[in-house]
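# Topology and contacts: notes
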Amino acid sequence: MIDYIIVGAGLAGSAFASLALDNNKKILVFENKSQPSSTVAGGMYNPVVLKRFTSVWKATEQLDIIEKFYPKLEKQLDVKFDFPMQLWRKLSSIEEQNNWSVASDKPNLSKFLNSTFQNETIKGIDSPFGFGEVLHSGYLDIKTFIESYQQFLKEQSILSNETFDYEAISFQQDFVTYKYIKAKHIIFAEGFGLHQNPFFNDLPLDGTKGELLHIKCKKLNLDKIVKSNIFILPIGNDIYKVGATYNWKDKTNLPTNEGKDELIEKLNHLISVDYEVVEHLAGVRPTVKDRRPLVGTHFEHQNLHILNGLGTRGVMLGPFLAKSLFEYLEDNIELDKEIDINRFYKKRVN
């Protein structure tokens, strides 16, 4: 018998798999590459909601985990994918400067926001009001991370690329069987693919489509992330990620002319140097209407669990949520009520 069948090897599933293996658990991971949102995401991480200058939920706890988690996996896999990097928020007015100063004095934000404005001139980006610097920021090359980790799972003979068949689950008293496999638990970490899951598709996973561009720009010479109403993120060799759009109606993974035009319009407003669009990507983020993840156990089947709803902050949330779910299942440590799917089950019962 194995301990965990894990369905989905994106950010959430890979984080849970790594944690389970670190604790000597036997696992089998299913990944059919049907959901590309993780691999096409920007991968940026920072502890602040820059639109409102507020702290990300549980930011300190999340940072404490990822600052160890990703470097450990880089060493294990012998691959570089975690890039700590300065993030500068372009300030567009005196009012924004004042708002930044107020925010940087707050106890829960002072460790994340540099109170001193950055007035360095960046070639190709006009910013008369300067920039605010976010601390503890960077980006994860998610595509490299996921592909490297899936290759590791494959080498351990614990990765299956077949499509998971929900109807092949048989429920026993203390375990489940999936075809010929006995398992104590099944973890569903399918991202937007949750809508095909008959056990959890009644949960309010909405999905928000995001599009981004890769551009080549030799004159920009950026060594930091710059955030305005879009972000521009250097990934090497004069290539930059530019994103992202938010579309709540279109649930396809296909790039659109509308998304491209929106990004180009905002990019042209942000930078004043020539560039070339070299790639255009799209994916549906697994978002939830109350902006909190979906973690926990099925109300009827106690061996089925969900790890989903990472939204736009999966790089920080993935390892944190994986640890929360693992400790809940192995050590009976209660889940935070804000992420526990019982918040929806209770409403339905009542």
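Everything here concerns the structure above.
Bear in mind that the values here come from a model prediction, so they are computed numbers and not experimental data.

Rules used in this analysis
Residues numbered from 1 in each chain as written. Predicted model: local features only at pLDDT ≥ 70, side-chain atom pairs only at ≥ 80, totals over all residues. Heavy atoms only, no water. Pairing = 2+ DSSP bridges. Helix = DSSP H or I, 4+ residues; strand = E, 2+ residues; numbered from the N terminus. Contact = heavy atoms within 4.5 Å. Polar contact = N/O pair within 3.5 Å; in protein donor to acceptor, adjacent residues only side chain to side chain. Phe/Tyr/Trp six-rings, centres within 6.5 Å; stacked < 30°, edge-to-face > 60°. Buried < 20%, exposed > 50% of the residue type's maximum accessible area, 1.4 Å probe, protein only. Axes fitted to C-alpha atoms, helices over the stretch in contact; angles between N-to-C directions. Parallel < 35°, antiparallel > 145°, perpendicular 65-115°, else oblique. Left-handed = near helix turned anticlockwise from the far one by under 90°.

Our focus in this paragraph is the sheet that holds strand 6 (residues 82-84). Overall, antiparallel pairing links the 3 strands, which are arranged 3-9-6 in an open sheet. Two strands bound the open sheet, and with one partner strand each, they are strand 3 (44-45) and strand 6. Examined bridge by bridge, strand 3 and strand 9 (residues 138-140) share 2 bridges and lie antiparallel to one another. Note that in strand 9 the partner of Tyr-45 across the bridge is Gly-138.

Moving on to the environment of Asn-247. Residue position: Asn-247 is located in the loop between strand 17 (239-243) and helix 6 (257-270). With 67 residues separating them in the primary sequence, Asn-247 and Gly-314 have C-alpha atoms 18 Å apart. If we skip the residues at most four places from it in the chain, Asn-247 touches Thr-208 and Lys-209. At 2.9 Å, the side chain of Asn-247 and the backbone nitrogen of Lys-249 are in polar contact.

Applying the stated criterion across every chain yields a total of 23 aromatic pairs. Taking the centre distance of 5.3 Å and the plane angle of 80° together, the rings of Phe-30 and Tyr-178 count as edge-to-face. With a gap of 148 residues between them, Phe-30 in strand 2 (residues 27-30) and Tyr-178 in strand 12 (residues 176-178) connect regions that are remote in the sequence. Judged by relative accessible area, Tyr-178 falls into the buried class, the value being 1%. Aromatic side chains Phe-188 and Phe-199 sit 6.5 Å apart centroid to centroid with 25° between the ring planes, which places their arrangement in the stacked category. Separated by 11 residues along the polypeptide, Phe-188 in strand 13 (residues 181-188) and Phe-199 in the loop between strand 13 and strand 14 (208-216) bring together distant segments of the chain. Phe-199 shares its class with Phe-188; the two are buried.

A separate point is the packing of helix 3 (residues 59-77) against helix 5 (residues 142-155). Running from N to C, helix 3 and helix 5 point in directions that differ by 55°, and their axes come no closer than 11 Å. Compared by their axis directions, helix 3 and helix 5 come out oblique. Handedness of the crossing formed by helix 3 with helix 5: left-handed. Note on element contacts: helix 5 touches helix 3 through Phe-145, Ser-148, Tyr-149 and Phe-152, opposite Phe-69, Tyr-70, Leu-73, Gln-76 and Leu-77.

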